[in-house]
Amino acid sequence: MNTAEKYKAAGVDLEKANLLVEIVKKYSSSLPQKGVLSGIGGYSGLFSLDLNSYKNPVLVSSTDGVGTKIKLAIKAGSHKGIGIDLVAMCVNDIITCGAKPLFFLDYLAFGKFEEKIFEELIAGIVEGCKISQCALLGGETAEMPGMYAPGDYDCAGFVVGIVEREKIIDGSTISIGDVLIGIPSSGLHSNGFSLVRKILEEKQISLDYIPEELGRPIGEVILTPTKIYVPIMLTLTNKGYKIKGCAHITGGGFIDNLPRILPKNCKVIIEKNTWEKPAIFQLLQKWGEISEKEMYQVFNCGIGLVLIVIKEEVEEITGLISALGEDYYIIGYVDKKEENETQVILV
C-alpha cells in the first residue's frame, strides 16, 4: 500500500480533492473575474486593485458562515442555496457601510468529500458572486474524517470590498426625524435555525409537510436562499443618495442589529403593522409558542435590510427601489432616546 492509499484508508482522498478543483474552475469560468490575476488552485489569490476612481479608498472585509441551516440542507439533500447564503451573509454585511464587494473566498470542510454536494455548493457560491458583482478569488476545501461525520460539512466565507472614505456609511449623522425604509427578506435567511430545528423536531414536522398557509413544502420555504442586497445598495450609493445608516437584519433581529448603527441619543420606532409578515414566521411563532419580542430578536420577520434616510429623499429613494423591481416598506422613524430607554421600540 503506497502513501496515497494509506491516506485514503485513513479517510482522505487526494484524487477526489484534485477533481474538486476542476469543478471550481468549471463554474468560476462563467464569472466576470475583473481584477483577478491568478487562477483557481494556487497557494493564494492575486487581485489587481484599480484605484483610478477613488481618492481615498478604504478596504472593507467580513467573514461569516451559514450556521445550522446546513443541517436541514443535508436532511433535504439540497445544497445550492447554502452556497448563495454563504456569499450573501458576507456581502450583505459590507454593503452596510457603503462598500462595493471586490472578491470572495470560501472554506468548505467535509467529513467525506461528496462530489454532488460540493458541486451544488460551488454553483451557489458562483451565483451569489454574480449577483454581488464580485470575483471568486479562491478558497479551500478540506476533508476531515473524525472532525465531521460522513455527509456532514461546514462552510465559511470571506469577502473584501472597497469604499471611498468620505462616503462610508457609519450611522454617525442619523438624527431625529429620519425615516426607516425596510427592504423585504426572502424568508428566514440564515439565522435562527437552531430554534427552527428545535420547533420542527418537537412538533415532529417533516420537511415534506405542506402547511395550508404556505402552499408548498416547509423544507423548500425555510431553505430559500438569503436575499443579496448588493444591487440595491450599489445603485443607491452610485446615484449619490444620502444613506445615513444601513442595518443587515441577521442574528439578533431588529432589537440587536439596529442599535449597532444608532447614535447613543437616538432610538427607532418600528411600526410593526407597516408590512405583512410572511406566513413562515407566523407559523414558527405559533408552533414554538414564541413571544413577539423574541421573534423580533431572533428572526428578520420579513425585513432583511433597513435603510435610514433623510425625510426629504424618501420619495426619490423609494422610487428608485421600485424602478429596480424591488419592494419596500416605510417601517418607522428615528426619535430622541430618553434616559434608560431602549433604542428599539416596537409599536
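Residues numbered from 1 in each chain as written. Predicted model: local features only at pLDDT ≥ 70, side-chain atom pairs only at ≥ 80, totals over all residues. Heavy atoms only, no water.

Chemist: Quick rundown of the layout of surface pockets? Include the residues and the values.
Modeler: Empty space among the atoms can be located by rolling a probe the size of a water molecule over them. Considered as a void within the structure, the largest pocket measures approximately 570 Å³ in volume. As for the largest pocket, its lining consists of 23 residues, and the residues nearest its centre are Gly98, Val163, Glu164, Lys167 and Thr237. For the lining of the largest pocket, the secondary structure elements donating two or more residues are β4 (153–164), α8 (230–238) and β6 (243–248). For the lining of the largest pocket, the per-class residue count stands at eight nonpolar, eight polar and seven charged. (1 Å grid on protein atoms, 1.4 Å probe; cavity = no way out; pocket = protein on both sides within 12 Å on 5 of 7 lines; lining within 4 Å. Points joined across faces, edges and corners; volume = space filled by probe spheres on them. Helix = DSSP H or I, 4+ residues; strand = E, 2+ residues; numbered from the N terminus. Nonpolar A, V, L, I, M, F, W, Y, C, P; charged D, E, K, R; others polar.)

Chemist: Hey, could you go over the sheet that holds strand β5 (residues 179–184) for me, with residue numbers and the actual values?
Modeler: Here we have six strands laid out as an open sheet, ordered β6-β8-β5-β9-β7-β10, and mixed in their pairing. The outermost strands of the open sheet, each flanked by one partner alone, are β6 and β10 (344–346). In this sheet, neighbouring strand axes are inclined to one another by 25 degrees on average, regardless of whether the strands run parallel or antiparallel. Across the face of the sheet, α8 comes into contact with β5, β6 and β8 (303–309) while running at roughly 10 degrees to β8. Contacting β5, β6, β8 and β9 (329–336), helix α12 (residues 314–323) runs over the sheet at an angle of about 5 degrees to β5. (Pairing = 2+ DSSP bridges. Axes fitted to C-alpha atoms, helices over the stretch in contact; angles between N-to-C directions. Contact = heavy atoms within 4.5 Å.)

Chemist: Got a sec to walk through the sheet that holds strand β2 (residues 100–110)? Specific residues and values, please.
Modeler: Judged by pairing direction, the sheet is mixed, and its four strands sit side by side in the order β1-β4-β2-β3 without closing on themselves. If you trace the sheet from one side to the other, it starts and ends with β1 (57–65) and β3 (135–143), each paired once. Direction aside, neighbouring strands of the sheet carry axes that sit 15 degrees apart on average. Where β2 lies against β4, ten bridges are found, and the strand directions are antiparallel.

Chemist: So what about the pairing of β3? Which residues, and what values?
Modeler: Looking down a regular strand, the side chains alternate between one sheet face and the other. Taken together, the eight bridges between β2 and β3 define a ladder with parallel strand orientation. Its bridge partner being in β3, Phe110 is matched across the sheet by Glu143. Since β2 and β3 lie parallel, the crossover through helix α5 (residues 115–132) that links them has a hand, and here it is right-handed. (Right-handed = clockwise from strand over helix to strand, strands pointing away.)

Chemist: An account of the state of the cysteines is needed here, citing residue identities and associated values.
Modeler: Summed over all chains, the structure comprises zero disulfides. In this structure Cys155 is a free cysteine whose sulfur lies 9.4 Å from that of Cys90, the closest cysteine sulfur available. (Disulfide = S-S within 2.5 Å.)

Chemist: Mind laying out unusual backbone geometry, listing which residues take part and the relevant values?
Modeler: Its identity as a non-glycine residue notwithstanding, Glu289 has a phi of 50 degrees, on the positive side. Following the sequence through the fold, Glu289 ends up in the loop between α10 (279–288) and α11 (292–298). Positive phi outside glycine occurs at Asn340, with the angle close to 70 degrees. Classification of Asn340 as exposed rests on a relative accessible area of 74%. (Buried < 20%, exposed > 50% of the residue type's maximum accessible area, 1.4 Å probe, protein only.)

Chemist: Report on the side chain of Ser185, specifying residues and quantitative values.
Modeler: In this structure, Ser185 sits in the loop between β5 and α6 (193–202). For Ser185, a relative accessible area of 13% gives the class buried. Separated by 2.9 Å, the side chains of Ser185 and Asn300 make a polar contact. Among all residues touching Ser185, those that are not within four sequence positions of it are Tyr229, Asn300, Gly302, Ile303 and Gly304. (Polar contact = N/O pair within 3.5 Å; in protein donor to acceptor, adjacent residues only side chain to side chain.)

Chemist: Can you break down the packing of helix α3 (residues 69–76) against α6 residue by residue, with the values?
Modeler: Relative orientation of the contacting elements α3 and α6 amounts to 50 degrees, with a least axis distance of 8 Å. It follows from the interaxial angle that α3 and α6 lie oblique. Side by side, α3 and α6 meet where Lys69, Lys71 and Leu72 of the first sit next to Phe193, Val196, Arg197 and Leu200 of the second. Of the residues belonging to the contact of α3 with α6, the class tally is four nonpolar, no polar and three charged. (Parallel < 35°, antiparallel > 145°, perpendicular 65-115°, else oblique.)

Chemist: Outline the environment of Ile169, supporting the account with residue identities and numerical values.
Modeler: Within the element layout of this structure, Ile169 appears in the loop between β4 and β5. Distance from Ile169 to Lys239, taken between C-alpha atoms, is 15 Å for residues 70 residues apart in sequence. Once residues lying within four places of it in the same chain are set aside, the contact partners of Ile169 are Thr96, Cys97, Gly98, Met233, Thr237, Ile243, Lys244, Gly245 and Cys246.

Chemist: Kindly report on the packing of aromatic side chains, identifying the contributing residues and their values.
Modeler: If you walk through the whole model with that rule in mind, you get nine aromatic pairs. Residues Phe281 and Phe299 carry aromatic rings whose centres are separated by 6.2 Å and whose planes lie at 65 degrees to one another, so their mutual orientation is edge-to-face. Residue Phe281 is located in helix α10, and its partner Phe299 is located in the loop between α11 and β8; the two are separated by 18 residues in the primary sequence. Through pairs of rings, three or more aromatic residues link up here, namely Phe110, Phe113, Phe118 and Tyr153. Sitting above the plane of the Trp275 ring, Lys277 keeps its charged end 4.2 Å from the centroid. (Phe/Tyr/Trp six-rings, centres within 6.5 Å; stacked < 30°, edge-to-face > 60°. Lys NZ or Arg CZ within 6 Å of the ring centre and 35° of its normal.)

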